[in-house]
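# Close look at the chain arrangement
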Amino acid sequence: MTSSVETAAMMRQSVLDACDAFDRVDRRGTARITDRVRHQLDERIRLAVVGRVKAGKSTLVNALVGRVVAPTGVTECTKISTHYTFGAPERGLIILRNGQQVPFDLVNGGLPEQLPVPIEHIAHAVVFLQSEVLRDMTLIDTPGLATTSGQYEDAARRTVLGHESVRQADALVYVFHGQVLRDDVDFLREWGSVTATPAEAASHAVGVFSHADTFGGTPWGSEDPIMKAREAASQFARQHGAQLGTVVAVAGNMAQAARTGMVREHDAAMLAGLRQVDDLDLELRDPQQDGEIAPGIGNSDVSRLAETVGEYGLRFGREHAVQGARALSDWLTDVSGIEALRQALAVRYIGRYAHVKARRGLDTLEQLAWANGAPPQLRAIVSEARLQPALHPLQELDAIERLAAVEPDHPLVGMLDRQLSARNDAERLAMPASSTPEQLREKALTWSVEARRASVVEPYPERQHAYTVLDRSFTQIALRLTPRN
């Protein structure tokens with residue numbers, strides 16, 4: 001059975017083989033393009049975190065990286081785009097608009113409050129960190145949109161939408177704080193205009209409701225705000241499937257506290273000490289008032305604790321805190337939604353970036369093949385490459401993007417998604433891991449026949465295309481599982 005890792009390796013090799021074939025025909029004329037394609041095949045995905053001012057972008061970056069590296073207050077560094085990427089030694093680098101580079105030291109492992117160069121001269125900053133998360137992606141923290149200074153908003157737009165034909169972001173995490181405003185939707189539409197196709201825009205964008213723990217008001221009411229945020233996120237994803245591949249509800253402050261080690265044993269002990277305090281007393285506490293709300297725990301102490309774990313953590317985390325800081329952090333991680341976001345990024349972005357890079361490389365080669373004066377053999381090389389079974393996942397990616405753009409909830413989207421995300425043939429066929437090759441082969445043949453029949457009678461072109469692609473997907477699985485004499 002073919003694993004997802006093997007699939008990615010075969011796609012990469014097929015594009016490299018096409019590059020080599022181009023060079024054998026005309027190395028002098030093709031080398032500049034083929035070398036660029038080879039380099040791009042080894043790049044990490046560049047993921048931009050975008051949203052309005054105070055939406056919670058930097059907090060989300062810290063939670064994803066697992067360290068407090070991005071400033072969450074108003075400093076010079078929040079007014080420029082910062083690329084967090086894997087590298088050693090840990091250090092910072094400012095890229096000036098004229099292309100020059102200025103190194104700087106990190107402060108406590110993160111960005112300093114002031115930069116050594118005036119902001120107006122800076123294109124962006126790069127921070128090299130030894131974070132395992134950054135082995136697979138580069139995170140780009142951008143200035144807030146809809147700022148009082150158009151200069152800083154322009155920096156975000158240059159990063160994501162491109163400037164003078166340069167776009168630094170491959171994919172997007174758009175962060176919403178509570179109410180979705182028209183400016184948010186307008187920006188997502190702009191994002192769609194700079195991607196290759198509108199369908200690609202949706203597959204390369206994930207939305208985040210970043211303040212899930214206070215969604216709709218306060219965590220002290222009768223309704224759970226995180227549950228409300230998750231329901232709202234699902235509804236918003238259905239309404240805006242043309243702009244967003246999915247939407248996840250995340251309690252950013254809680255996620256940051258758990259993932260960056262901000263929760264200490266002292267915090268857990270204090271929170272556990274509040275178990276017997278009535279919810280109403282905790283909600284109505286006055287941080288300015290002297291005195292204790294529980295033995296040894298003052299009002300001001302509780303407020304400082306709430307700044308770390310949030311009011312939601314204060315209310316619902318007390319029982320978990322009894323077991324210590326590790327148990328409290330695990331609960332915060334689970335309930336905050338950060339793991340759901342990490343999974344969405346792993347599946348939709350990192351897991352599929354091999355497909356995106358292969359498609360981009362093949363498209364680049366095709367443009368070269370059809371350029372004026374290009375040798376005719378180059379066109380044949382690209383045509384043959386596109387028919388290779390190893391590159392069939394690119395057709396699956398195209399089919400899901402086209403269908404999800406118009407019918408994001410159609411069952412075929414889920415089936416195509418499974419082909420792209422599955423780790424092996426059993427998962428691709430929704431079969432138990434214990435299934436024998438013969439059982440998998442029979443299931444693949446059955447689904448192939450059903451997809452072929454459906455494609456003949458299906459009147460809608462996006463669905464018809466999806467059925468045709470799935471027919472080939474299942475046929476290839478059956479062929480792989482057919483015993484060879």
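Cut-offs applied
- Residues numbered from 1 in each chain as written.
- Predicted model: local features only at pLDDT ≥ 70, side-chain atom pairs only at ≥ 80, totals over all residues.
- Heavy atoms only, no water.
- Helix = DSSP H or I, 4+ residues; strand = E, 2+ residues; numbered from the N terminus.
- Rg over C-alpha atoms; globule rule 2.2 N^0.38 Å.
- Buried < 20%, exposed > 50% of the residue type's maximum accessible area, 1.4 Å probe, protein only.
- Contact = heavy atoms within 4.5 Å.
- Areas by Shrake-Rupley, 256 points an atom, 1.4 Å probe, with all protein chains shown as cover.
- Pairing = 2+ DSSP bridges.
- Axes fitted to C-alpha atoms, helices over the stretch in contact; angles between N-to-C directions.
- Core = buried A, V, L, I, M, F, W, Y, C linked by side-chain atoms within 4.5 Å.
- Left-handed = near helix turned anticlockwise from the far one by under 90°.
- Nonpolar A, V, L, I, M, F, W, Y, C, P; charged D, E, K, R; others polar.
- Salt bridge = Lys/Arg side-chain N within 4 Å of Asp/Glu carboxyl O.
- Phe/Tyr/Trp six-rings, centres within 6.5 Å; stacked < 30°, edge-to-face > 60°.
- Expected span 1.5 Å × (residues − 1).
- Bend = angle between axes of the 7 residues up to and from the residue.

Let us now look at the overall build of the protein. Secondary structure assignment for the protein yields 19 helices and eleven strands. The C-alpha atoms of the protein give 25 Å as radius of gyration, which agrees with the globular expectation for 485 residues (23 Å, within 12%). For the protein, the spread of C-alpha atoms along the principal axes amounts to about 85 × 55 × 40 Å. Expressed as a percentage of the 485 residues in the protein, the buried residues total 52%. If you take every contact in the protein between residues at least 6 apart in sequence, the share linking residues at least 24 apart comes to 71%. Counting every atom, the protein has about 22,900 Å² of accessible surface; 49% of that belongs to carbon and sulfur.

A sheet is described by the order of its strands in space; here nine strands give the open sequence β4-β3-β5-β2-β6-β1-β7-β8-β9, paired in mixed fashion. Of all strands in the sheet, those bounded by a partner on one side alone are β4 (101-104) and β9 (246-249). When the angles between neighbouring strand axes are averaged without regard to direction, this sheet yields 25°. As defined by bridge partners, strand β8 (residues 205-209) adjoins β9 across four bridges and the pair is classed as parallel. What sits directly across from Phe-209, in β9, is Ala-249. Along the sheet face, helix α6 (residues 225-239) touches β7 (171-176), β8 and β9 and points at about 170° away from the line of β9.

Membership of the largest hydrophobic core comes to 121 residues, with the highest contact counts inside it found for Leu-60, Tyr-84, Leu-139, Phe-209, Leu-274, Leu-341 and Tyr-349. When residues in this core are grouped by element, the largest group, eight residues, is from helix α19 (residues 461-481). What Leu-139 contacts, discounting residues up to four positions off in sequence, is Leu-47, Val-49, Val-61, Leu-64, Val-65, Thr-82, His-83, Tyr-84 and Leu-134. Formed by 22 residues, the second largest nonpolar core is a distinct cluster that contains Val-15, Val-37, Leu-368 and Leu-394.

On to the pairing of strand β6 (residues 137-141). With five of five residues buried, β6 lies mostly within the body of the structure. Residues Met-137, Leu-139 and Asp-141 point to one face of β6 and Thr-138 and Ile-140 to the other, with burial holding for every one of them. Two strands pair when backbone bridges link them, and strand β2 (residues 82-86) and β6 are joined in this way by three bridges, in the antiparallel orientation. Looking at the pairing, His-83 lines up with Ile-140 of β6.

Structurally, Pro-461 can be placed in helix α19. Sequence-wise, Pro-461 and Asp-23 are 438 residues apart; in three dimensions their C-alpha atoms are separated by 38 Å.

We now examine the side chain of Arg-352. Looking at the element boundaries, Arg-352 is found in helix α13 (residues 338-369). Among the residues examined, Arg-352 registers a relative accessible area of 4% and is labelled buried. Discounting residues that sit within four places of it in the chain, Arg-352 has contacts with Val-347, Leu-397, Ile-400, Asp-417, Leu-420 and Ser-421.

Our next topic: the packing of helix α2 (residues 57-65) against helix α7 (residues 252-259). Interhelical geometry of α2 versus α7 gives an angle of 35° and a closest axis separation of 8 Å. At the point where α2 passes α7, the crossing takes the left-handed sense. When α2 is examined against α7, the residues Thr-59, Asn-62, Ala-63, Leu-64 and Val-65 are found in contact with a partner set consisting of Gly-252, Asn-253, Ala-255, Gln-256 and Arg-259. Here the residues of the contact of α2 with α7 sort into four nonpolar, five polar and one charged.

Close approach of charged atoms allows side chains of opposite charge to pair. Tallied over the full model, the rule gives 29 salt bridges. Across the pair Asp-330 and Arg-326 runs a salt bridge whose closest N-O atoms are separated by 3.6 Å. Residue Asp-330 and its partner Arg-326 are both found in helix α12 (residues 325-336); the two are separated by four residues, about one turn of the helix. Judged by relative accessible area, Asp-330 falls into the partly exposed class, the value being 43%. Between Arg-352 and Asp-417 there is a salt bridge, and its shortest N-O distance comes to 2.0 Å. You can see Arg-352 sitting in helix α13 and its partner Asp-417 sitting in helix α16 (residues 411-421), a full 65 residues away along the chain.

Following the criterion strictly, the structure yields nine aromatic pairs and no others. Arranged with centres 5.8 Å apart and planes meeting at 40°, the rings of Tyr-174 and Phe-187 form a pair that is tilted. Of this pair, Tyr-174 sits in strand β7 while Phe-187 sits in helix α4 (residues 182-194), and the two are 13 residues apart along the sequence. Judged by centre distance (5.9 Å) and plane angle (10°), the rings of Phe-209 and Phe-215 are stacked. For Phe-209, a relative accessible area of 4% puts it in the buried group.

Once that is clear, we can look at helix α10 (residues 299-316). Quick reminder: α-helices carry 3.6 residues per turn. Residues three or four places apart thus point the same way. Here α10 is 18 residues long, yet its end C-alpha atoms lie only 18 Å apart, well below the 26 Å a rise of 1.5 Å per residue gives. At Val-309, α10 shows its largest bend, some 105°. When we look at burial in α10, the residues that qualify are Asn-299, Val-302, Ser-303, Leu-305, Ala-306, Thr-308, Val-309, Gly-310, Tyr-312, Gly-313, Leu-314 and Arg-315.

Our next topic: unusual backbone geometry. With an omega dihedral of -5°, the bond running from Ala-88 to Pro-89 counts as a cis peptide bond. Examined against the element boundaries, Pro-89 turns out to sit in the loop between β2 and β3 (91-96). Within the chain, Lys-54 stands out as a residue other than glycine whose phi angle is a positive 65°. As for its placement among the helices and strands, Lys-54 is situated in the loop between β1 (45-51) and α2. Of the residues examined, Lys-54 reaches a relative accessible area of 53% and is grouped as exposed. One non-glycine residue with positive phi stands out, namely Ala-430, at about 55°. Note that Ala-430 resides in the loop between α17 (425-428) and α18 (437-457).

Don't take any of this as a statement about function, it's just geometry.
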